[in-house]
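Structure at a glance
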Amino acid sequence: MNLLITLNKCLSFRKTWLCVILTFSFVAMSNAQLVTGKVTAEGLPLPGASVIIKGTTTGTETDFDGNYSIQANSESTLVFSYVGYTSQEVLVGSQTVINVILEPDNAFDEVVIIGYGTQRKSDLTGSVSSVSAQDVADVPVSRVDQALQGRAAGVQVTQTSGAPGAGTSIRVRGGNSITGSNEPLWVIDGIIVGTNFNLNNLNANDVKSIEVLKDASSVAIYGSRGANGVILVTTKSGANISGGKPQINIGIRTSSQLVPERPDYLSQEQQIEYTNQDAIIRGVAEPFPDDPSTYPDNDYLDLLLDVSPITNVDVSIAGSSENGSASYYNSLNFFDQDGLIENSGIQKYIFRSNLDFKITDNLKAGTRFNYSRIKLDNGVVGYSGLLGILPTQPVYNDDGSFNGANEVTGNPFGNPVAIAALDIDETTSSNLLATIYLEYSPIENLIIRSTFNPDITNSKRNEFTSSQRPDLQVGDSNARISTISAINWNNENTVQYSGTVGEDHSYTVLGGASFQKDVIETASAQAFGFTTDATTFNSLGLGTDPTRNVVSSGYSQRTLVSFFGRLNYNYKDKYLLTLVGRSDGSSVFAPGNKYNFYPSIAAAWKISEESFMQDQDIFSDLKLRASYGQAGNQAIDPYSTLAVYAEANTSTNGIELPGLLLGRPANPNLIWETTTSFDIALEASLFGGRVFTEFNYYRKKTEDLLLDVTIPRQTGYTNQLQNIGSLENKGWEFLVNSTNISNDNFNWNSTLTLSSNKNKVLDLGGEEFIDVVVDEILGAGNLRLIVGETAPVFTGVQYLGTWKSQDEIDASGQDAATNFVGGPRYKDTDGDGFITNEDFEVLGNPFPDLIFGFENNFSYKNFDLSIYIQGTVGSEVFNLRTRNSFFIRGELPKYAEVANYWSPENPNSDVPRPGFVEGAYQPNSFDVEDATHLRLKNVRFTYNLPVEEMGWKGVKGMAIYATGTNLLLLSDFRLIDPETSRFGRTGLGNLAQGFANGEYPNASVLSLGLNVTF
């Protein structure tokens, strides 16, 4: 009974912390035992090494001969450390003698994951960036891709939206494609999951490490899918937990998302004055003839945005058998995030089980099993929509019902308060991602490995537009159900042999074959004319207007067959050579073009191993490396080489009949896009391993770009997908890791990443430029692909301020019908008197000149502090809301600076006056803003409780922490946060980066957390 009462009290999350602490306070102290041993390094005793009981301040140092003794109980973990060496942790258990060999703390000695294997960083010939589990854990992210921001040089990560569950857009050394995806390939525990895998399915706390493969030598092993870079995610195992006892970890984090700073708009009174003045100039009645105090002053952001909670609970149990023949890692994650905007949020349940077995001395087997269940409230109200409502717009009618009419125009008003209360848009999905592997070693140094990897996703989206909406006509209410079923599997088989020839030569040879099949089936049904909300989307048959019903379905299949190989050769541990080749065959291409081969070569020279480097004290390690090779991009969807039918109705005897016609011509000549890249780098470890630095220069050229081009009309078609064009990326990356201070009580480490990429269009099949239409109102021309420029660039006319007099207009020679005193003045580049697309100039591009990240980690006794900043310099953002705020009539809200508009009393203003003729608007330089920003991304303060001194038996460690995310943003952007992408990361958003329309904001998040290890 007492236990039940205690549990019921603990169910209140606000009481969780108190319950946990009270529970642990009853744990009794165990008996201590004397532990002795010796600490050595590089074959010699290590005097002055620190030996501390983890989670306490209790410890000792080794004597002149490296010996130590300490009182510790069986549950204690000893931490051995010394400046310049990697710390080690050892569980005492039943041991009374523990001898430890410390390894030099050198970035060159890290083991990193590469395609189909591992390698010491000192032996790498390719470019690989690593992000550790600690880096991921320090930032309380809901998706692992968010943890990459600013931490990997050469990797641009853009948070496209602050909505719960929203992903990122990632560019590894720039974008290589125009039509195809520019997102990197994700590989999770060896499973190739593609570029669009929903990373919400993965628990960030399960991640052991993330590696980003960037150059040809690293990515060529993935052939036709590696041109945009490869991101390898490795999850945790229990192999490093010895002694036969399980290790249990519990993590609890509760967070509050704060409502972010909002754009500065006119006050209600100022907006009324502007709207009335606009009406007067246009010769229509004033919408607000009475005193401003008689009209509503509604702040729709206040009505629908609020501080919102996040709850995250992680439980894991890991360990291995006493003889090490089996290891396990099992975890359960619950994540619940309410969105800042009402009716948005995400809830996730994720279970993982990683098992490894040593069946015999020569045979190993294992599984990786990840199951997720996600419910996503997509949100029926958008942040950008809230920015577009006048404060005078009533929420309710006089009778208390929802208002549904625009007070200025008389048109229907999509009342967001009503929509949030009545409409539904939710997605429920489940995903199973698994690996089953068998590894056999018939002789020493020969490893044969086979894996089978299923990836199964089922998703259902429910949408309902209420019949109670005041802005809709009778019969416009509707409901839709959409389903997606995706079954993907991959079978990979590799053979690896490592050997030596004499004392100077060593090599590792890898060969393999991969077989993959992806099948996606979709179905959708929509009905109209609901007269009741009782069943919402659960009974489509209640729709009363069958003539409007919409039913659709789809099927897509892609198969890929690959054969690959790699040779790593090492001569005298000084000269390294890597040869890689992969042949891919894809079903998306026509016969004769299905296969392509991607080779690469890389070499490295360990300069520090040469005799002439032995008498210096600066460089511990120094390596020069270079690589050259090719990778590919399938770039197109299945069936893109085939002719397709389009729906087209016809009539017979006056009766309309459904029909089909060819909507696109076949093109069996389509081939892979191919990226050829060159990389050269210098890596150095200095001052006894206290500083590690790396500098990379690269150049990539992508050819056979897939573009939709105009073809002669006599063919019967207007356009066709063809391999035409090429583009180039080149840039540099710089990384510094440093140990600034390291002693028994205080440590300070820093990491700095800098990178810059320049992108240029080399050829567009003979065309000078191609317009990309991203907005029907803006029309063609504000986004272009131009030979010699970045792909893409923002284009438009130069904004010169306002016309100050009629004489000025007359003297300009421009059309008097579309220009007026106080109106916008554009630069007439060609001097023909008209402002057209011929006057457009390059106004900027969405890619920064510099990407940076800077992290500092401090530790003092039991306290840890981490401060991380990141940002960009030199990019631009196209603000789609500027048109509404400066260049359109008064029924839409205006920025606060519009209060300074031109008038006879304010004749020097460059802000256009009210009454603007909308048709005269052109995309212009006023729309394009500087996106340079600096963000205080994360601050984390941790207190590691001295559980040993507190006498908590069975508790190996406990930490309480507070974290602040997105605490500060320095930017001049009108919409506050320039890190945005109006069109997302796929489809049009693949190319149209850097457009902003007031996307769901990135919140500041304050978190409190507790981690306990048993």
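What comes next concerns the included structure.

Cut-off values and rules
- Residues numbered from 1 in each chain as written.
- Predicted model: local features only at pLDDT ≥ 70, side-chain atom pairs only at ≥ 80, totals over all residues.
- Heavy atoms only, no water.
- Pairing = 2+ DSSP bridges.
- Helix = DSSP H or I, 4+ residues; strand = E, 2+ residues; numbered from the N terminus.
- Axes fitted to C-alpha atoms, helices over the stretch in contact; angles between N-to-C directions.
- Core = buried A, V, L, I, M, F, W, Y, C linked by side-chain atoms within 4.5 Å.
- Buried < 20%, exposed > 50% of the residue type's maximum accessible area, 1.4 Å probe, protein only.
- Contact = heavy atoms within 4.5 Å.
- Salt bridge = Lys/Arg side-chain N within 4 Å of Asp/Glu carboxyl O.
- Polar contact = N/O pair within 3.5 Å; in protein donor to acceptor, adjacent residues only side chain to side chain.

1. Brief notes about the pairing of strand β51 (residues 933-944)
Here strand β48 (residues 863-873) runs beside β51; their pairing, made up of 10 bridges, is antiparallel. Across the sheet, Asp864 pairs through a bridge with Thr942, a residue of β51. One ladder, built from 10 bridges, connects β51 with strand β52 (residues 957-970); its direction is antiparallel. What sits directly across from Asn944, in β52, is Ala959.

2. Some thoughts on unusual backbone geometry
Cis geometry marks the peptide bond from Ala791 to Pro792, where omega comes out at 0°. Mapping Pro792 onto the fold places it in the loop between β42 (783-786) and β43 (793-796). We note that Asn343 has phi near 75°; this positive angle belongs to a residue other than glycine. Checked against the element boundaries, Asn343 lands in the loop between β20 (326-338) and β21 (344-358). With a phi close to 50°, Lys861 is a non-glycine residue in the positive phi region.

3. Thoughts on the sheet that holds strand β50 (residues 928-930)
With mixed pairing, the 3 strands of this open sheet are ordered in space as β50-β49-β53. In this open sheet, the two strands that pair with only one neighbour each are β50 and β53 (995-996). Strand direction decides the pairing type here: strand β49 (residues 876-879) and β53, joined by 2 bridges, are parallel. Paired with Asn879 across the two strands is Ala996, which belongs to β53.

4. Quick look at the pairing of strand β29 (residues 595-606)
Both strand β28 (residues 575-586) and β29 contribute to a ladder of 11 bridges, which runs antiparallel. Residue Ser583 lies in a different strand from β29, and its bridge partner there is Phe597.

5. Some points on the sheet that holds strand β3 (residues 50-53)
Taken in spatial order, the 4 strands of this open sheet run β4-β3-β6-β7, and their pairing is antiparallel. Two strands close off the open sheet at either side, each with one partner strand: β4 (59-61) and β7 (88-91). Strand-to-strand twist of the sheet, defined as the mean angle between neighbouring strand axes without regard to direction, takes the value 20°. When β3 meets β4, the two strands line up antiparallel, connected through 3 bridges.

6. Some remarks on the nonpolar core
Ranked by internal contacts, the top residues of the largest apolar core, which has 42 residues, are Tyr300, Val381, Leu386, Tyr826, Phe886 and Phe887. Those elements that provide at least two residues to this core are α6 (300-304), α7 (383-387) and α8 (416-422). Residues contacting Tyr300, with those up to four places away along its chain left out, are Leu386, Ile389, Leu390, Gln393, Pro394, Val395, Phe413, Asn415, Pro416 and Val417. Formed by 26 residues, the second largest nonpolar core is a distinct cluster that contains Val141, Ala147, Val157 and Ile210.

7. Re the pattern of salt bridges
Going through the model one piece at a time under the given rule, you end up with 39 salt bridges. As a salt-bridge pair, Lys214 and Glu733 come within 2.8 Å of each other at their nearest N and O atoms. One end of the pair, Lys214, is in the loop between β16 (207-213) and α4 (216-219); the other, Glu733, is in strand β39 (residues 726-742), with 519 residues separating them in the sequence. Just as Lys214 is buried, Glu733 falls in that class too. Among the ionic pairs, Asp573 bridges to Lys606, the shortest N-O distance being 2.7 Å. Of this pair, Asp573 sits in the loop between β27 (550-571) and β28 while Lys606 sits in strand β29, placing them 33 residues apart in sequence. Several salt bridges share partner residues, and in doing so they unite Arg173, Lys214, Lys623, Arg625, Asp679, Glu683, Glu694 and Glu733 into one network.

8. Things to note about the side chain of Asn819
Examined against the element boundaries, Asn819 turns out to sit in the loop between α9 (806-812) and β45 (824-826). Accessibility expressed as a relative area gives 10% for Asn819, which makes it buried. Reaching out from Asn819, the side chain makes a polar contact with the side chain of Trp803 at a distance of 3.0 Å. One polar contact links the side chain of Asn819 to the main-chain carbonyl oxygen of Asp815, over a distance of 2.7 Å. Setting aside residues up to four positions removed in sequence, Asn819 forms contacts with Trp803, Ile809, Gln814 and Pro824.

9. Topic: the side chain of Asn491
Within the secondary structure, Asn491 is located in strand β25 (residues 478-501). Take Asn491: its relative accessible area is 18%, and that puts it in the buried class. Within the structure, Asn491 has its side chain in polar contact with the backbone oxygen of Thr451 (distance 2.7 Å). A distance of 3.1 Å separates the side chain of Asn491 from the side chain of Asn493, its partner in a polar contact. Residues within four places of Asn491 in sequence aside, it is in contact with Ser450, Thr451, Phe452, Ala513, Ser514 and Phe515.

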